Number of protein chains: 2
Amino acid sequence: FEQRMFDASKLPAVTLDGAAVILRANIEKVDEVKLVRENSASGVGLFRTEFLYLSDNRVPSEEEQYAAYKAVAEAFPDEPVVIRTLDLGGDKPMTGNPDLFPEESNPFLGFRAIRFCLEHKEIFKDQLRAILRASAHGKVQLMYPMISGSEELARANAVLEECRAELKKDGVAFDAKMAVGAMIEIPSAAVTADILAKECDFFSIGTNDLIQYLLAIDRVNDRIAHLYEPTHPAVLRTIKQIVDEAHRQKIKVSVCGEMAGDPVYVPLLLGLGVDELSMTPPLLPAVKYLVRAMKMSEAKKLAKDALELTSPKEIYALADKFCRERVKSE
Amino acid sequence: FEQRMFDASKLPAVTLDGAAVILRANIEKVDEVKLVRENSASGVGLFRTEFLYLSDNRVPSEEEQYAAYKAVAEAFPDEPVVIRTLDLGGDKPMTGNPDLFPEESNPFLGFRAIRFCLEHKEIFKDQLRAILRASAHGKVQLMYPMISGSEELARANAVLEECRAELKKDGVAFDAKMAVGAMIEIPSAAVTADILAKECDFFSIGTNDLIQYLLAIDRVNDRIAHLYEPTHPAVLRTIKQIVDEAHRQKIKVSVCGEMAGDPVYVPLLLGLGVDELSMTPPLLPAVKYLVRAMKMSEAKKLAKDALELTSPKEIYALADKFCRERVKSE
Ligand SMILES: [Mg+2]
Ligand SMILES: [Mg+2]
């Protein structure tokens, strides 16, 4: 099986009935670029930028960030590199900086990600300028984490516009058409996806956080981990709604949470209409193998059937069966 | 104005165009029964039961609980008394019982309420039996907090059924037709309200937690409190959806969060179709005064207009204006 996966990994990610599926990589360090190539990803769907802040527990300069973003952008001249702005806080505080990240009673519901950036505008602007400058060297896209609604998105975009104006004034090169998207991982963003879709170039669904908030379950908490169910009907319905509203506005939807790299959920996500999947590089071969062993028409049927069910366990069983039959069938 | 409110408080809660609105009280101790009467509530919409567990930091016996529930049930022979099962955990741990409530990284997303009860079945059963026995003495209704989906509701109802069978076998009296409802305060419950409505006798929307989870905002966290917006369009849409699904199954919807006692939000909630409002007793006169100064047709128009808007601040301004005009008009 490993050999079959390896063989598949160099071939295109196309279903048996001819639907091309875009598979990208999640990375959190510049040197993972090699892994992305080895696993034949179509670029980077999620470049986490926290490592720059966490490795030395200090805020990196614009230049340091520019060098890192540029290196990844140049590594994939023909494929998108989606850079996510700072997603610190939550389970990733900067421990050495209690002034920036004080202790919180519920860090997952706290002062994190875009909330932090909008209150620390200079830190945010350094990052946005670095990303804009890197966009001159490749197909860079930018996305904001933890967007809760259109006003927050507008505030972030206003800061970005300031940065664009500054760079322009200084004659610094950047891609004026760089795509800007939002992570949809807070229920309020999902519920207002129709509004946000008009203001975004793409969506990326962060299923880990989205499920966590939809179900009010801290997934790291052992006592209730059994209640964290990606196949809860509320999760499927919410993903479908996000996809439908995005497509209505003609923008694409990627999934970059763990669901995207799990063969059990991949057909379900594709059947719900998700356009792109982004995952940690070692998971790419298995997912590509499965994509090449299934039909998109069957995935659509699977999603339709799953949406009729009310029990997370029954939906899981259906998805699991679908996956097993495809992987065994050769 | 205080005098006018006082005068209104003894009159029926009926709008200018003749719609009767049900206003009930939230209480957390037996001796608040007096306050409920003084403020002319139509019974108790939320009887919190945590005081029994927190006053001495120990699990109360079935008998102690029965005495408390019976006292409140008997105080309102003609009006419902809605008893909520244990909602400990979150910001209300039993500090003296680390075995029952260990420290958690994100208590609001943790082992609380119905999650705790389903894992501590004997504690849960003592409470359910006490509530069932109290139901023989008045119009008791029972509701479960923090229901995330239909499987959790089914598990809770199975335990309740066990208790009914035991009492029946022992010849102990209870109301076999006691209404059983669910709090809708977790987004996944809202998204699957159509499924839950088939298994419940009523819904009660806990807006405090619902907003908190929808927006991923710990409302107690000062740094982000400005993002906790009851007029976020996602909140309005979610309430509307819950109400619509409930009414489709011919069950009633109450709101027992802080929104229900705030005159700014009351017309919005009623306009969205909410059937009952339950609030801390001292807020009842002002809400009743407003109900008697507005038309339901205007509230419906307000809700319709609000649903067209995308900005929380604009929606707030609209609701605030509506309220001010009605309160000033005499
Ligand atoms: Mg996230
Ligand atoms: Mg609650």
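Residues numbered from 1 in each chain as written. Chains lettered and ligands numbered in written order. Predicted model: local features only at pLDDT ≥ 70, side-chain atom pairs only at ≥ 80, totals over all residues. Heavy atoms only, no water.

What's the story with the environment of R129 of chain A in this structure? I'm lost.
Residue and element names in this part refer to chain A. Relative to the helices and strands, R129 resides in helix α6 (residues 121–134). Between the C-alpha atoms of R129 and K34, which are 95 residues apart in sequence, the distance is 26 Å. With near-sequence residues (within four places) excluded, R129 lies in contact with E62, C163, E166 and L167. (Helix = DSSP H or I, 4+ residues; strand = E, 2+ residues; numbered from the N terminus. Contact = heavy atoms within 4.5 Å.)

How do you make sense of the interface of chain B and chain A when you look at a structure like this?
The figure often quoted for interface size is the accessible area lost as the parts come together. On the chain A side, the residues contacting the 46 residues of chain B number 46 residues. Interface area for chain B against chain A, summed over the two sides, is near 3700 Å², with a carbon-plus-sulfur share of 55%. At the junction of chain B with chain A, the criterion picks out four salt bridges. The partner of D194 of chain B in a salt bridge is R237 of chain A, and the shortest N-O contact between them spans 2.8 Å. At the junction of chain B with chain A, the criterion picks out 26 residue pairs in polar contact (both at pLDDT 80 or more). (Buried area = accessible area lost by both parts, 1.4 Å probe. Salt bridge = Lys/Arg side-chain N within 4 Å of Asp/Glu carboxyl O. Polar contact = N/O pair within 3.5 Å; in protein donor to acceptor, adjacent residues only side chain to side chain.)

Help me out: how do you make sense of the coordination of the magnesium ion (ligand 2) in this one?
Four donors placed tetrahedrally around a metal ideally meet at 109.5 degrees, and six donors placed octahedrally ideally meet at 90 or 180 degrees. Residues and elements named next belong to chain B. Taken together, the protein ligands of the magnesium ion (ligand 2) are E185 (OE) and D209 (OD), with distances of 2.1 Å. In this pair, E185 is assigned in the loop between β5 (180–184) and α8 (187–191) and D209 in helix α10 (residues 207–215), connecting sequence segments 24 residues apart. Assigned by exposure class, E185 and D209 land together as buried. (Donors = N, O, S within 2.8 Å, 3.2 Å for Na, K, Ca; no water. Buried < 20%, exposed > 50% of the residue type's maximum accessible area, 1.4 Å probe, protein only.)

Mind showing me how you'd approach the coordination of the magnesium ion (ligand 1) here?
Protein-derived ligands of the magnesium ion (ligand 1) are E185 of chain A (OE) and D209 of chain A (OD), with the metal-ligand distances lying across 2.1 Å. Look at E185 of chain A and you get buried, because its relative accessible area is 2%.

Hey, could you run me through the packing of aromatic side chains in this one?
In this structure the tally under the stated criterion is twelve aromatic pairs over all chains. When the centroid spacing of 6.0 Å and the interplanar angle of 90° are considered together, the rings of F47 of chain B and Y69 of chain B count as edge-to-face. Here Y69 of chain B lies in helix α4 (residues 62–75) and F47 of chain B lies in strand β2 (residues 44–47), a separation of 22 residues in the sequence. Classification of Y69 of chain B by relative accessible area gives buried; the value is 0%. One aromatic cluster is present, built from ring pairs that chain together F47, F51 and Y69 of chain A. (Phe/Tyr/Trp six-rings, centres within 6.5 Å; stacked < 30°, edge-to-face > 60°.)

Looking at this model, I keep getting lost on the sheet that holds strand β6 (residues 202–205) of chain A. Mind explaining?
The strands making up a sheet are joined through hydrogen bonds of the backbone, oriented either antiparallel or parallel. Residue and element names in this part refer to chain A. The strand order β1-β2-β3-β4-β5-β6-β7-β8 describes a closed barrel built from eight strands, whose pairing is parallel. Mean inter-strand twist for the sheet, computed between neighbouring axes without regard to direction, equals 30°. Bridge analysis of strand β3 (residues 80–84) against strand β4 (residues 139–144) gives five bridges, and the strand direction is parallel. Its bridge partner lying in β4, V81 is registered against V140. Across the sheet, helix α7 (residues 150–169) lies against β4 and β5 (180–184), angled at about 140° from β4, the strand it touches most. (Pairing = 2+ DSSP bridges. Axes fitted to C-alpha atoms, helices over the stretch in contact; angles between N-to-C directions.)

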